[in-house]
Amino acid sequence: MPEGIFIERAGFRTWLKWHRGRRQQGDIPFTRNRILQGMQDGASVEIDLVCHAGGGFAVLHDETLDRDTTGTGPVRDASADYLRSLSLRDANGNASPHPVLLLDDLCHLLQDVHCNHDAILQLDLKETAASLSAADIAAFAEAVAPVTDRVILSGGDAVAVEQLLAVVPDLKVGYDPCHDGAVERLMESRDFSGFVAGALAAVPKAGMIYLEARLVLFAQDHGYDLVNAFHQAGKPIDAYTIRRADADSLPMVERLLALKCDQITTDDPVGLERLLA
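The present account deals with the structure reproduced in this document. (Residues numbered from 1 in each chain as written. Predicted model: local features only at pLDDT ≥ 70, side-chain atom pairs only at ≥ 80, totals over all residues. Heavy atoms only, no water.)

1. Details of the packing of aromatic side chains
Applied cut-off: Each Phe, Tyr or Trp ring, with Trp reduced to its six-membered ring, pairs with another whose centre is within 6.5 Å; inter-plane angles below 30 degrees give stacked pairs, above 60 give edge-to-face pairs, and intermediate values give tilted ones. In this description a helix means any DSSP run of H or I spanning at least four residues, a strand means any run of E spanning at least two, and both kinds are numbered starting from the N terminus. Only protein chains enter the calculation, and the probe is 1.4 Å; a residue is then buried if its accessible area is under 20% of its type maximum, exposed if over 50%, and partly exposed in between. Placement of a positive charge over a ring is assigned whenever Lys NZ or Arg CZ falls within 6 Å of the ring centre and within 35 degrees of the normal to the ring plane.
In this structure the tally under the stated criterion is 4 aromatic pairs. A ring pair is formed by phenylalanine 57 and phenylalanine 140, whose centres lie 5.9 Å apart and whose planes are at 75 degrees; its orientation type is edge-to-face. Here phenylalanine 57 is found in strand S4 (residues 57-58), whereas its partner phenylalanine 140 is found in helix H4 (residues 134-144), with 83 residues between them in sequence. We classify phenylalanine 57 as buried; its relative accessible area is 2%. The interplanar angle of 25 degrees and the centroid separation of 5.3 Å between the aromatic rings of phenylalanine 192 and tyrosine 224 together place this pair among those described as stacked. Pair noted here: phenylalanine 192 is in helix H7 (residues 192-202) and tyrosine 224 is in the loop between helix H8 (213-221) and helix H9 (226-232), with a separation of 32 residues, a long-range link. Overall, phenylalanine 192 belongs to the buried group, its relative accessible area being 5%. The exposure class of tyrosine 224 is partly exposed, given its relative accessible area of 23%. Ring pairing ties together the aromatic residues Phe192, Phe218 and Tyr224, which thus form one cluster. When the ring centre of phenylalanine 6 is taken as origin, the NZ or CZ atom of arginine 13, which lies over that ring, is 3.7 Å away. In this structure, lysine 260 is placed above the aromatic ring of phenylalanine 12, and the distance from its NZ or CZ to the ring centre is 5.7 Å.

Below is the structure:
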């Protein structure tokens, strides 16, 4: 088994998700090579989606191009041809040989490679329902329909997730209820059961619930097991994001494993596996 795929303890398997397509510390996010490697190795891989001009999605995190690519300006104003002409930047801001990916291009690549049956590509939507156009929704359906067995849609805006799910109804879907100040409000109210009920009702079809790791541990510190509560409803849990695999993060990861999180999102899956070993 390749490194950075999962941790197994006492027969329970916790997947290590490749956050933004990173396999190990130092990887440039969203590179074609790493994403395809993960799909061939049987990994859980996450990418972000933002809308571009003309309808469709770029595989990027930010709303603007300036930090992570050789381009400038809002992604929403950039054409597909312009985006394809750009390169990703490394951690030092230097241009890399890796091109910016578009969702439709990536889905075509997924059709042409042998994906491990365990592999899953998480499409994490960074848009809101208000920002999605009819052209965006149509482009999403056209790109994703041939690879629904290999991807899962996620997002923090339940309405936006449902809009895309409506045009690809057999698509696997997850939900992140931790956006727009939800974590801070819950830490103040400590209405954990109400939070669980609201998340379950927001996207009933969700096959994965994504929770901030700090929230999971905060709830445990106050006597509530969020992971178990969602498990009781048949929902697996992804806890995010472990930025570094080091002595500082180890106690948090050990607690998440003990709570039986089904997946842990990390920027360094290989390093985390080695640290835990």
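2. Some details on the pattern of salt bridges
Short version of the rule: Salt bridge, as applied in this entry: a Lys or Arg side-chain nitrogen positioned within 4 Å of an Asp or Glu carboxyl oxygen.
By the definition in use, this model includes 21 salt bridges. Between arginine 9 and glutamate 254 there is a salt bridge, with the nearest N and O atoms lying 2.5 Å from each other. With arginine 9 in strand S1 (residues 6-9) and glutamate 254 in helix H10 (residues 250-258), this pair connects stretches of sequence that are 245 residues apart. On the basis of relative accessibility, which here comes to 36%, the residue arginine 9 falls in the partly exposed class. With a relative accessible area of 30%, glutamate 254 lands in the partly exposed category. Each of Arg20, Asp48, Asp124 and Lys126 takes part in one network of salt bridges that share partners.

3. A closer look at the nonpolar core
Under the convention used in this document: Side-chain atoms within 4.5 Å are what join buried Ala, Val, Leu, Ile, Met, Phe, Trp, Tyr and Cys residues into a set we call a nonpolar core. A contact between two residues is defined here by any heavy atoms of the two lying within 4.5 Å.
Leu121 and Phe140 are the most contacted members of the largest nonpolar core, which has 78 residues in total. The contacts of phenylalanine 140, once residues within four sequence positions are left out, are Leu49, Phe57, Leu103, Leu123, Leu153, Leu164, Val168 and Leu171. Counting 13 residues, the second largest nonpolar core, distinct from the first, contains Val50, Ala58, Leu65 and Leu88.

4. Points about helix H3 (residues 103-112)
Basically, it comes down to this: To obtain the arc, one takes the directions from the helix axis to the C-beta atoms.
Three or more residues of H3 are buried, namely Leu103, Leu106, Cys107 and Leu110. The buried residues of H3 occupy an angular sector of 100 degrees when projected down its axis, which confines them to one face. Structurally, H3 contributes buried residues whose contacts are with helix H1 (32-41), strand S3 (44-51), S4, strand S7 (120-125), H4 and strand S8 (151-155).

5. What to know about the side chain of aspartate 267
The cut-off we apply is this: Any pair of nitrogen or oxygen atoms within 3.5 Å is treated as a polar contact; in protein, a donor-acceptor pairing is required on top of that, and neighbouring residues in sequence qualify only through side-chain atoms on both sides.
With respect to the element layout, aspartate 267 can be found in the loop between strand S12 (263-266) and helix H11 (269-276). What makes aspartate 267 buried here is its relative accessible area of 7%. A polar atom in the side chain of aspartate 267 sits 2.6 Å from the side chain of histidine 19.

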